[in-house]
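# Architecture and fold: a report
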Amino acid sequence: MMSDRSRLMVEDRTWPITTTANVLLIGAISDPLGKEGLSALTGELLSRGAGPWDRAQLAEEIEFIGSTLSVISGVLTTIVTGDALTRHFGQYEAIVGKLLGEPRFEAEELEKLKRQVAADLLAVRENDDLLCRKHLARTIYRETPFSRPRCGTLASLEAITTQDVRGFYDEHYTRAGALTAAAGDIDSAQLDGFAERTTMALECRAVQTIPTYSMKTHPGIEVLVVDKPGRTQVPVLIGSPTINANHPDYLPLVVGNTIFGGTFTSRLSQEIREKRGWSYGAYSSIIADKHFGTFVMSFSPAVKDTLPAIELAVDMFCTLLRDGVTTDELDFYKNYLINSHAFSIDTSVRRLRQLITMQVNDRPPDALETFPQRVADLQVEDVNRAIRKHLGRDNLTLVAVATADDLYKDLGEWKGASGLNQVDYRSE
Amino acid sequence: MTRGHAAAGTGAELLSELNEGRSPTAQVRRISEYRYGHALVEEFALGNGLQIIVWEDSSAPVIAYQTWFGVGSRHENEGRSGIAHLFEHLMFKATKNHPEGEFDQLMERAGAHANAATWVDWTYFHQKLPKGNLTLVVGLEADRMEHLTLNASALEAEREVVKNERLGRVDNDPDGQLNELLYRLAFEKHPYGRPTIGWMKDIEAITLEDCLQFYRDYYAPNNATITVVGDVETRELLALIQAHYGHMGPKEVAAEPIAPEPPQQKERRETLSQSISTEKMVIAYRIPEVQHPDHPSLCVLSELLTEGESSLVYQRLVADLELASDIWGWVSSFHDPGLMEFGASMLPGETARDAEKALDELLCEVAAQGITDRALRKTKNGMEAGQLRGLADTAARARGLGEAAVTEKDWKRFFEETKLFLEVTADDVVRVLREYLRAENRTVVHALPDDDTRAQAPG
C-alpha cells in the first residue's frame, strides 16, 4: 500500500484490472441557494461529452475498452471512479484526463440530463424506503446545509443553466486537497503518471468552504407521517444527530450501536423480528463523517404492528440509555467486530475504499490497522458513557411512510410523541 | 489469469490417508480439477453423493463457505408456492444440538456474516468467515442438514417475517408487482410463473407437516454442493467434511413436479395501473435454458443491446429519442427455458407504447443490418472485464461455482462461459435475435399511473 496525502494505492497483481478514483473536495454543500442539484449535474455532465467526444462518442470510448467510468456526486466530495483492463489502461487514463479537464457542458445535454433527473426525483415517490430516508434527512437536519437535497428539486433543476454549470466547474474543480487513488494491477510510478494527467491537471483553486451551522434541538420525539395511499407496510425510521467520526467517543458509540441493533443477533433484531415477526429486518446504524453523525433505528412492520413496534423500539432505546450494555454483550460484539474486520479489507478495492473514506474524513493513516486493537481495548464504562452522552430520548425524529388514515390518529394519541405532522408523499 | 505459484493439487496418497477406516458413505474421491492461471480448483465427492468444490486462495485471511441445494421454487407444488423460501428461513432455527438462536450466536461470535437465498432453481446458505473457522461452519452446516427440529411456534414467527418480506418486496413495491405479473403471464404452466416468495395465500397456508416433508424430500447430501473459496487447506476441509457428513446416507430426492411450458404461439400482453409517476415497460422473450448452445449468443446479444450508455437500446431510447430515463436488460440462466427481458422507465409525458415501438424498430434494424465487428469487440471486452471484477471477491467466486454446479450440473462453466462468450460471432448474435426476439414469442407489460397519480402529475 502506498499513501501520501494526495495519493493512495493498493497494489494487487492477481488480476489484470485496475480500479481508480479521483476524489475532489467539491459537493452539494456548495450548491447555491435555489440551485440545489448543481454539483450533481456538473458531475454527471463530465461524462456527457469531453474533449473531442460528444456524449455518445465518450460512452463508446469508455465501453469499447471494457471500462466503467462514473461520477459520484456527494454532499462533500465528487468522485470520478472506474476501472480498466491492464492492456487498455493508457487509453483509460487519457479518457479520464479529458473528462476531468475538458468537459464540454453542452446545453442540449444539460437539458436532457435535467429531464432525466426530474424523472428520478419522481421515481423516489414509488420507493417507500427512499421516501422515508429523504424525509428523515430533511427533518433531522432542517435549517442546516445538510438538509438540502443533493439532487435538487423540480424547481431548482429548472433554474440551473449551462452558465451555472460552467461557472461551478471553473470555481470549484480544483486539484487542491484532491486525492488520486488506485487499486489493482498498478505500481506507484503508474499512479503518479495517472495523477499528473488527471487530477493534477486541474487548476489550483480554493477548496470549498463548509458553511457554519447549528443543529436545532427539540424535546422528545417529533413524528412525521408521509401520507401515501394504499400502504400495507410502513417503513419507520427513528433517528437523531450525533457525534462525528473523529470524536473520541465515536468508536465506543459504534460498538454500543452494534449491540443494540447492528447485527442479526442484536437486541432490536431479536425482539422485533425474531421473537415477534413484526418486520423482515430491524436494525440500527450510525453513519458519520468528520462533520457529524446520524443514529437511526429502522424497521418495516405491517400496518397492524406499526404502533406496537414503535413503542417497543422506543422502550428498548430508553432501556439502553438507562441501563447501558453488559460486559457479556460487550465481549461478544467486540469479538464480532474484531473478527469481521477482515471483510472490510479482503479485496484491494474494498481496502482502497476504506482508505479513501479515512483520508477524506481526516482519520489517522493507521486507523484501519489499529481498529481491532482499539476495539479490544474498550471497556463497558467507555461504551455506556458514550451512549448516555451522545444519544438521548430528546431530539429524536420519527418518520413513517403510511396511509395517514390508518395511522395518524393512533400516532396522535401515542404518549411518546412530542409533536405530530403529516406531509403528502408527493411533496418535495 | 492469476499470477503467482501454481497450486499442486490433492494427490492419491492424501486421499488414501483421509479414507482410511472410513465407511463407504464417507469415502472421498477426487473427481476433477480446473486450472485458471495459477489457481487450481478441485472437485471432490463423498460416497453419499455430497459434492465439494474447493479453491484455495490465501491472498486474504477469509473463507467463503456455501452450501447449495438443488431445490428452488420450481420444485414447489401448486398451492404451496413460497415453501422453498420459507423453509430457507426455517433452516436457521433450532436443531437437535443447538437451540434456536445459537447458530447465529456462534457465527457472529466468530465474526462471520451468514445468510441464505432462494431462487427458482436453488437454495443456498452462505457464510463469510475469518480464516480458521472451518470446524465451526462445517459442523453447523452438517448439523442443520440432518438435525433440524421444527415446531409450530417457530413456523408461525417466521411466517410473519416472510409475509413482511413479501409486503416490502412486492405488495408495496411497483417494480416487484410488475415483475410478478410478467412471470405469471410468461409462464402459464411452468412453476417459474409463480413467485419465489410465494403468493400470500400460499404462504399463509403452508403447514408444519408441509415443511417437515420438504426437509425430508430435498435436504440430503446427494442433493447438495459445498463450495469453498479462500484461505483453507483442502486436507483439513475434506477431513472435517468426512467427519461431519460422512455418516449420512444418500436420500431419495423427491421428483420435481414436471410442468414444461408449452411453446408460446402468440404475444401476451397486459396493462397494470399503479401508483407511479411515469410509465414503465417490461418485455420478455422466451429463450432456452442455460445449457442450450444458443445461450452464450443470447447473453452477448443482451449485453450488446443494453449494457452501458453506448449500448444500442440506451442510445436509441434514452439518449436520442428521449423516451426513457433509463433502460435495462437481462438474460435468465435458468435450468429450464427462461426469459430475455428488456425494461424501461419513461420520462414524464412519454409512453410505454412509444418506447415499445422504438425498441421493435431497433431490433428490426439490427436483424436486417447485422452488427459491426467493433460492436462485438466492445461487448466482449466488457464481458471479459465483468468476469475479472467478479473474481476479486471470494464469495462471488464461491457463488459462481455453486450456481453453475446446481443449475448447469457443470461447475466448470463458471470459467468456461467467458470463453464461450468470446467465441460468439456476429452471425450468431443476429441469428438468435431473429429466432427468439419475435412478437409471438414475447410477453409485454405496461405499467401506467393510476387515476389518482395521473391527476396530481406535475406540469
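For the structure, check the block above.
I will try to describe carefully the structure that is included in this document.

Scoring rules and cut-offs
- Residues numbered from 1 in each chain as written.
- Chains lettered and ligands numbered in written order.
- Predicted model: local features only at pLDDT ≥ 70, side-chain atom pairs only at ≥ 80, totals over all residues.
- Heavy atoms only, no water.
- Pairing = 2+ DSSP bridges.
- Helix = DSSP H or I, 4+ residues; strand = E, 2+ residues; numbered from the N terminus.
- Axes fitted to C-alpha atoms, helices over the stretch in contact; angles between N-to-C directions.
- Buried < 20%, exposed > 50% of the residue type's maximum accessible area, 1.4 Å probe, protein only.
- Contact = heavy atoms within 4.5 Å.
- Core = buried A, V, L, I, M, F, W, Y, C linked by side-chain atoms within 4.5 Å.
- Polar contact = N/O pair within 3.5 Å; in protein donor to acceptor, adjacent residues only side chain to side chain.
- Salt bridge = Lys/Arg side-chain N within 4 Å of Asp/Glu carboxyl O.
- Parallel < 35°, antiparallel > 145°, perpendicular 65-115°, else oblique.
- Left-handed = near helix turned anticlockwise from the far one by under 90°.
- Nonpolar A, V, L, I, M, F, W, Y, C, P; charged D, E, K, R; others polar.
- Buried area = accessible area lost by both parts, 1.4 Å probe.
- Phe/Tyr/Trp six-rings, centres within 6.5 Å; stacked < 30°, edge-to-face > 60°.
- Arc of directions from axis to C-beta.

This paragraph deals with the sheet that holds strand 14 (residues 417-424) of chain A. Backbone-to-backbone hydrogen bonds pair the strands of a sheet. The strands run either parallel or antiparallel. All names here are of chain A. Overall, mixed pairing links the six strands, which are arranged 11-12-10-13-9-14 in an open sheet. What marks the edges here is a single partner per strand, and that holds for strand 11 (282-288) and strand 14. Ignoring which end each strand starts from, the neighbouring axes of this sheet average 20 degrees apart. Across seven bridges, the pairing between strand 11 and strand 12 (residues 293-299) is antiparallel.

The next thing to look at is helix 11 (residues 312-320) of chain B. With seven of its nine residues buried, helix 11 of chain B lies for the most part within the structure. Elements that come into contact with the buried residues of helix 11 of chain B comprise helix 2 (55-64) and helix 4 (107-124) of chain A together with helix 10 (295-306), strand 10 (324-331), strand 11 (338-346) and helix 12 (352-369) of chain B. Phi turns positive one or two residues past the end of helix 11 of chain B, at Glu322 of chain B, with a value near 50 degrees.

Now for the nonpolar core. Core analysis: the biggest nonpolar cluster contains 54 residues, and Phe299, Phe317, Leu398 and Trp414 of chain A have the highest contact counts within it. Among the elements that take part in this core, helix 11 (residues 303-323) of chain A stands out by supplying 10 residues, more than any other. For Phe317 of chain A, the residues in contact, after removing those within four places along its chain, are Phe260, Phe295, Met297, Leu391, Gly392, Arg393 and Leu396 of chain A. One finds Ala84, Leu86, Ile203 and Cys211 of chain B within the second-largest nonpolar core, a separate group that totals 53 residues.

Here the focus is the side chain of Asn164 of chain B. Tracing the backbone through its elements, the reader meets Asn164 of chain B in helix 5 (residues 152-171). Among the polar contacts listed, one links the side chain of Asn164 of chain B to the backbone oxygen of Trp278 of chain A, at a separation of 3.2 Å. Discounting chain neighbours no more than four positions away, the residues touching Asn164 of chain B are Gln233, Gly277, Trp278, Ser279, Tyr280, Ser300, Pro301 and Ala302 of chain A.

Tallying each qualifying case throughout the model produces 80 salt bridges over all chains. For Asp323 of chain A, the salt bridge goes to Arg322 of chain A, with nearest N and O atoms at 2.9 Å. Ionic pairing is found between Lys128 of chain B and Asp393 of chain B, a salt bridge with its closest N-O pair at 3.1 Å. Here Lys128 of chain B, found in strand 6 (residues 123-130), pairs with Asp393 of chain B, found in the loop between helix 13 (373-391) and helix 14 (394-407); they are 265 residues apart in sequence, far enough to count as distant. Assigned by exposure class, Lys128 of chain B and Asp393 of chain B land together as buried.

All names here are of chain B. Where helix 2 (residues 83-90) meets helix 5, the axes come as close as 10 Å, and the angle between the chain directions of the two elements is 120 degrees. Our classification of the angle between helix 2 and helix 5 gives oblique. In terms of crossing hand, the pair formed by helix 2 and helix 5 is right-handed. Here His85, Leu86, His89 and Leu90 of helix 2 lie close against helix 5, whose contacting residues are Ala154, Leu155, Glu158, Arg159, Val161, Val162 and Glu165. Here the contact of helix 2 with helix 5 is composed, by residue class, of six nonpolar, two polar and three charged.

Attention shifts here to the interface of chain A and chain B. Counting residues at the interface gives 63 residues for chain A and 68 residues for chain B. Between chain A and chain B the total buried area reaches about 5600 Å² when both faces are included, carbon and sulfur atoms providing 51% of it. Of all residues in chain A, Trp15, Phe64 and Glu126 of chain A give up the largest surface area on contact with chain B, accounting jointly for 15% of the area buried on that side. Where chain A touches chain B, the interface holds 10 salt bridges. Glu126 of chain A serves as the salt-bridge partner of Lys280 of chain B, at 2.9 Å between the closest nitrogen and oxygen. The interface formed by chain A and chain B holds 36 residue pairs in polar contact (both at pLDDT 80 or more) in total. Listing elements by their share of the side of chain A that touches chain B, those giving two or more residues are helix 2, strand 7 (78-85), helix 4, helix 10 (267-275) and helix 12 (327-340) of chain A. Of the residues forming the side of chain A that touches chain B, the biggest block, seven residues, is contributed by helix 2 of chain A.

Residue and element names in this part refer to chain B. Mapped onto the fold, Tyr124 is located in strand 6. What makes Tyr124 buried here is its relative accessible area of 6%. In this structure, the C-alpha to C-alpha distance between Tyr124 and Gly402, residues 278 residues apart in sequence, is 8.5 Å. Once residues lying within four places of it in the same chain are set aside, the contact partners of Tyr124 are Gln66, Thr67, Trp68, Asn115, Ala116, Ala117 and Arg399.

Further remarks concern the sheet that holds strand 8 (residues 268-274) of chain B. All names here are of chain B. Read from one edge to the other, the open sheet built from five strands follows the order 8-12-9-11-10, with strand pairing classed as mixed. Of all the strands in the sheet, the pair left with one neighbour each is strand 8 and strand 10. For this sheet, the mean angle separating the axes of adjacent strands, direction not counted, is 15 degrees. Lying on the sheet, helix 10 is in contact with strand 9 (280-287), strand 10 and strand 11; it crosses strand 10 at an angle near 170 degrees.

Working note: regular strand, side chains alternate between the two faces of the sheet. Residues and elements named next belong to chain B. By the criterion of burial, strand 7 (residues 224-230) is predominantly enclosed, with seven of the seven residues buried. Here strand 7 shows two buried faces, one formed by Ala224, Ile226, Val228 and Gly230 and the other by Thr225, Thr227 and Val229. Pairing geometry for strand 3 (residues 51-56) and strand 7, over six bridges, is parallel. Each residue of the ladder has a partner; that of Val54, found in strand 7, is Val228. Bridge count between strand 4 (residues 62-69) and strand 7: seven bridges; the pairing is antiparallel. From the neighbouring strand, Ile63 faces strand 7, where its bridge partner is Gly230.

All names here are of chain B. Taken as a whole, this structure holds 37 aromatic pairs over all chains when the rule is applied. Judged by centre distance (5.1 Å) and plane angle (35 degrees), the rings of Tyr36 and Phe415 are tilted. Residue Tyr36 is located in strand 1 (residues 28-36), and its partner Phe415 is located in helix 15 (residues 413-423); the two are separated by 379 residues in the primary sequence. The exposure class assigned to Tyr36 is buried, which follows from its relative accessible area of 10%.

Moving on, we get to unusual backbone geometry. All names here are of chain A. Of note, the phi angle at Phe105 is positive, near 50 degrees, even though the residue is not glycine. Looking at where Phe105 falls in the secondary structure, it is placed in the loop between helix 3 (89-101) and helix 4. In this structure, Asn395 takes a positive phi of about 70 degrees despite not being glycine. Locating Asn395 in the fold gives a position in the loop between helix 15 (380-390) and strand 13 (396-402). By relative accessible area, Asn395 is classed as buried at 16%.

All names here are of chain B. Among the eight residues of strand 4, eight are classified as buried, and the element is accordingly described as predominantly covered. Neither face of strand 4 is left uncovered, since the one carrying Val62, Ala64, Gln66 and Trp68 and the one carrying Ile63, Tyr65, Thr67 and Phe69 both have all their residues buried. Examined bridge by bridge, strand 4 and strand 6 share eight bridges and lie antiparallel to one another. Bridge pairing in strand 6 places Thr67 opposite Phe125.

Glancing now at helix 14 (residues 367-376) of chain A. Structurally, the α-helix is built with 3.6 residues per turn, so residues lying three or four positions apart point the same way. Residues and elements named next belong to chain A. All buried positions along helix 14 are accounted for by Ala367, Leu368, Phe371 and Val375. The arc that holds the buried residues of helix 14, viewed along the axis, is 75 degrees, so those residues lie on one side. Packed against the buried residues of helix 14 are helix 9 (250-262), helix 12 and helix 13 (348-360).

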